[in-house]
Amino acid sequence: MSEATVPVGQQGAEPISVVLVDDHDMFRAGVRASLGPGIRIVGEAADVPSAIAVVRETRPAVVLLDVHLPGGQGGGGAEVARECADLAPGTRFLALSVSDAAEDVVAVIRAGARGYVTKSITPVALVDAVARVAGGDAVFSPRLAGFVLDAFGAAGPAEVEVDDDELDRLTAREREVMRLIARGRSYREVGAELFISVKTVETHVSAVLRKLQLSSRHELTRWAAQRRLL
């Protein structure tokens with residue numbers, strides 16, 4: 001099981017199409033310069049109306065979306081995501097913002113974004129996040145994942161009691177990997193924290209999904225959040 005459908009930048013691989021939405025020209029220029037050849041910028045926008053227009057016109061794989069944008073009805077990035085929700089799953093949204101406020105994160109995720117990372121992210125990590133979102137994963141900066149999942153657990157379906165039989169299916173190491181992955185960590189980050197290889201992390205994640213009868217990291221995140229295992 002890999003973190004992205006196609007490794008970014010692999011020779012012969014189709015570049016991931018991206019629309020970049022941010023109201024600061026200099027920031028957009030910096031992101032463009034950081035993304036590398038495995039990602040192709042197909043459009044840019046600096047406000048809500050133009051963002052909606054360019055996303056609907058180009059239908060990119062991923063929209064890198066600031067949460068604070070002028071124009072429209074005042075809903076910022078969340079408004080863009082809502083207005084383009086019908087383009088899913090072909091087009092997915094990844095919020096990229098300086099804000100780490102709970103209300104900003106929750107608003108844009110509720111609007112349909114698949115992840116949220118802050119602008120302190122490194123270029124390498126941003127490329128990885130884009131690839132993971134394009135491949136269907138949910139991606140959060142580690143420090144944001146906990147309260148995001150708490151908010152959705154509180155606002156979503158009733159919490160589920162932990163079934164000891166479910167957890168007993170997992171080894172101690174699989175439980176460690178499960179919690180870190182559900183918190184939004186990348187495979188590389190999990191491997192570094194647990195001193196195991198990325199390949200070993202992939203093996204553990206595959207085993208966890210199989211034993212819990214889940215089909216994706218996104219389902220695993222919801223499963224863990226509902227059981228307060230994070």
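Computed from a predicted model, the values in this text were never measured in an experiment.

Thresholds, definitions, all that
Residues numbered from 1 in each chain as written. Predicted model: local features only at pLDDT ≥ 70, side-chain atom pairs only at ≥ 80, totals over all residues. Heavy atoms only, no water. Helix = DSSP H or I, 4+ residues; strand = E, 2+ residues; numbered from the N terminus. Buried < 20%, exposed > 50% of the residue type's maximum accessible area, 1.4 Å probe, protein only. Areas by Shrake-Rupley, 256 points an atom, 1.4 Å probe, with all protein chains shown as cover. pLDDT = per-residue confidence, 0-100. Contact = heavy atoms within 4.5 Å. Salt bridge = Lys/Arg side-chain N within 4 Å of Asp/Glu carboxyl O. Axes fitted to C-alpha atoms, helices over the stretch in contact; angles between N-to-C directions. Parallel < 35°, antiparallel > 145°, perpendicular 65-115°, else oblique. Nonpolar A, V, L, I, M, F, W, Y, C, P; charged D, E, K, R; others polar. Expected span 1.5 Å × (residues − 1). Pairing = 2+ DSSP bridges.

K.L.:
For this particular structure, what's the right way to read the overall build of the protein?
P.N.:
Of the regular secondary structure elements, the protein holds 11 helices and 6 strands. Relative to its full complement of 230 residues, the protein shows a buried share of 48%. Here the protein displays about 10,600 Å² of accessible surface, and carbon together with sulfur accounts for 52% of that area.

K.L.:
Please explain the confidence of the model for the protein as it appears in this structure.
P.N.:
Any region with low pLDDT has predicted coordinates that should not be read closely. Mean pLDDT over the protein works out to 83, with 84% of the residues at or above the 70 mark. Confidence over residues 1-7 falls short of pLDDT 50; this stretch has 20 contacts with residues more than four positions distant or in other chains. The low-confidence segment residues 154-160, where pLDDT is below 50, has 8 contacts with residues more than four positions distant or belonging to other chains.

K.L.:
Would you mind going over the pattern of salt bridges with me for this structure?
P.N.:
A side chain with one charge may pair with a side chain of the opposite charge, provided their charged atoms come close. Going through the model one piece at a time under the given rule, you end up with 12 salt bridges. Note that Asp-128 and Arg-132 form a salt bridge whose closest N and O atoms lie 3.5 Å from each other. Here the residue Asp-128 and the residue Arg-132 both occupy positions in helix H5 (residues 123-134), the gap between them amounting to 4 residues, near one helical turn. In this structure, Asp-128 and Arg-132 share a single accessibility class: buried. The salt bridge involving Lys-199 is made with Glu-202; its shortest N-O contact spans 4.0 Å. On the criterion of helical spacing, the pair formed by Lys-199 and Glu-202 is a turn pair, its members being 3 residues apart in helix H10 (residues 198-212). Accessibility expressed as a relative area gives 58% for Lys-199, which makes it exposed. Among the charged side chains, a salt-bridge network with shared partners connects Asp-25, Arg-28, Arg-32 and Glu-44.

K.L.:
I would appreciate a short explanation of the packing of helix H1 (residues 25-35) against H5 in the present structure.
P.N.:
Angle between the axes and distance between the axes: these two values describe a pair of packed helices. One way to put it is that H1 packs onto H5 with a least axis distance of 9 Å and a crossing angle of 80 degrees. Judged on the interaxial angle alone, H5 and H1 are roughly perpendicular. The residues of H5 that touch H1, namely those facing Val-31, Ser-34 and Leu-35, are Pro-123, Leu-126 and Val-127. Residue composition of the contact of H1 with H5, by class: 5 nonpolar, 1 polar and no charged.

K.L.:
Which parts of the structure should I look at to understand H10?
P.N.:
Taking 1.5 Å per residue, 15 residues should reach 21 Å; H10 reaches 21 Å between its end C-alpha atoms and fits that length. Regarding H10, the residues found buried are Val-201, Glu-202, His-204, Val-205, Ala-207, Val-208, Leu-209 and Leu-212. Phi turns positive one or two residues past the end of H10, at Gln-213, with a value near 60 degrees.

K.L.:
Help me understand H5, please; the structure alone is not making it clear to me.
P.N.:
Residues that lie three or four places apart on an α-helix share one face, since the helix turns once every 3.6 residues. End to end, H5 covers 17 Å across 12 residues, agreeing with the expected 16 Å (1.5 Å per residue, within 8%). Those residues of H5 lying buried are Leu-126, Val-127, Asp-128, Ala-129, Val-130, Ala-131, Arg-132 and Val-133. Once H5 ends, the next one or two residues include Gly-136, with phi positive near 105 degrees.

K.L.:
In this structure, what is going on with the sheet that holds strand E3 (residues 62-65)? I would like to understand it.
P.N.:
Adjacent strands of a sheet form backbone hydrogen bonds with each other and so pair up, either parallel or antiparallel. If you walk across this open sheet you meet the 6 strands as E2-E1-E3-E4-E5-E6, and the pairing is parallel. Every other strand in the sheet has two partners, leaving strand E2 (39-45) and strand E6 (139-140) as the edge strands with one partner each. The sheet contact formed by strand E4 (residues 92-97) and strand E5 (residues 115-118) spans 4 bridges and is parallel. Each residue of the ladder has a partner; that of Ser-97, found in E5, is Thr-118. Strand contacts of helix H4 (residues 102-110): E3, E4, E5 and E6, with the helix running at about 145 degrees to E5, the strand carrying the most contacts.

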